[in-house]
Amino acid sequence: MVDVTLDVDTAHNHLFISKDLRRVRCAYLEQKRRVCPERFSCSLCVLGTPRLTSGRHYWEVDVGTSAEWNLGVCKESVSQQEKVVLSSELGFWTLSCRQKDTFLASTEQMTELMVSPRLHRVGVFLDVEMGTISFYHVGDGSHIFTFPPISAAEPLRPFFAPGSPVMDGGSFLMLCPGLRPSVSSAAGCASGCHLVVMSCVTFIVLGVWPSVSTVLHLHRHHQRLQHSHTPAAATNALQRPEPPTPC
C-alpha cells in the first residue's frame, strides 16, 4: 500500500490542506502560499505524491459523508492553468460523486455507476505496467470500476478534488496512512465479488477492510468481465466556489 500525501505546491489556493498533508477541503478564504507554476489556478484540485512511474500501487481515501468529490489518477502533464475537465481522453481517470448518491467514472463518454450509498472509503489500485486503474468499495470489498487499459509514457499522480462548500458544506477528503503490505502476497488469493451495473453518461464539460491481496484478486477478476453501457447526460466541470452572499 503506497503512502500517498498531498502536494501543497499543486493545491488551488481555495483548498485547505492539513499539516500532516492527508486531509483536504474547500475553503472560502484564500490560502497564502508561494507562487508555483504547477499550482491549479482555475479548478479546485490538488495532486498527490509520490510520482508513479512503475509497479503496482494501492491507496485508500476516506470520503466520509461528503456529498460531492472527485478522486483518482491523472497524467503529471495535465494543465493546471485551465479549467479541469474530467475525461480519460484528457489524462484524468477518476471516480466522482454528485449529490451524495450519483457516482461517475470519467471515461470518454462518462459512465454512471451503481454503488452502495454507504460508500465512505474508496480504494484505488494502479498497475502502471498493465495500464489499469481500478476503484473499490473498501467497506464491502466490492469492485466499483476498472478503466480500459491506458498507455502513459509519463509519470502519473494521485488526483483529488473535493466538492465546493456550497454543495458539500466543506467536508474533508482524507488519505489513509499506508500499511505497506507485500504486493506479492496477492498470489493465490481467492475472494468473492460482484459486478456493479453501469450505464453510460455523456459529459458536456468538466466495516471489514479488505487487504491489498484481496484488491489485487478483485482487480484480476474484473479485468475478465465486460460491461454494458446505455447513453444519458451529465456535467463534469470543476469550478472555483463563489463566496457566500453577505446578510
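1. Concerning the environment of Y28
Mapped onto the fold, Y28 is located in the loop between β3 (23-26) and β4 (46-49). Since its relative accessible area comes to 35%, Y28 is described here as partly exposed. Once the C-alpha coordinates of Y28 and S164 are considered, the two residues, 136 residues apart in sequence, prove to be 9.2 Å apart.

2. Describing the sheet that holds strand β10 (residues 121-127)
One open sheet holds the 7 strands; their spatial order is β2-β3-β14-β5-β10-β11-β12, and the pairing between them is antiparallel. The open sheet has two edge strands with one neighbour each: β2 (15-17) and β12 (142-146). Along the sheet, successive strands turn relative to each other by an average axial angle of 25°, direction set aside. Across 4 bridges, the pairing between strand β11 (residues 132-137) and β12 is antiparallel. If you follow F135 over to β12, its bridge partner there is F145.

3. Considering the environment of H14
Mapped onto the elements, H14 comes out in the loop between β1 (5-6) and β2. When its relative accessible area of 7% is taken as the criterion, H14 is described as buried. Taking the C-alpha atoms as reference, H14 lies 6.5 Å from L29; in sequence the two are 15 residues apart. From its side chain, H14 meets the backbone oxygen of Y28 in a polar contact 3.1 Å long.

About the thresholds
Residues numbered from 1 in each chain as written. Predicted model: local features only at pLDDT ≥ 70, side-chain atom pairs only at ≥ 80, totals over all residues. Heavy atoms only, no water. Helix = DSSP H or I, 4+ residues; strand = E, 2+ residues; numbered from the N terminus. Buried < 20%, exposed > 50% of the residue type's maximum accessible area, 1.4 Å probe, protein only. Pairing = 2+ DSSP bridges. Axes fitted to C-alpha atoms, helices over the stretch in contact; angles between N-to-C directions. Polar contact = N/O pair within 3.5 Å; in protein donor to acceptor, adjacent residues only side chain to side chain.

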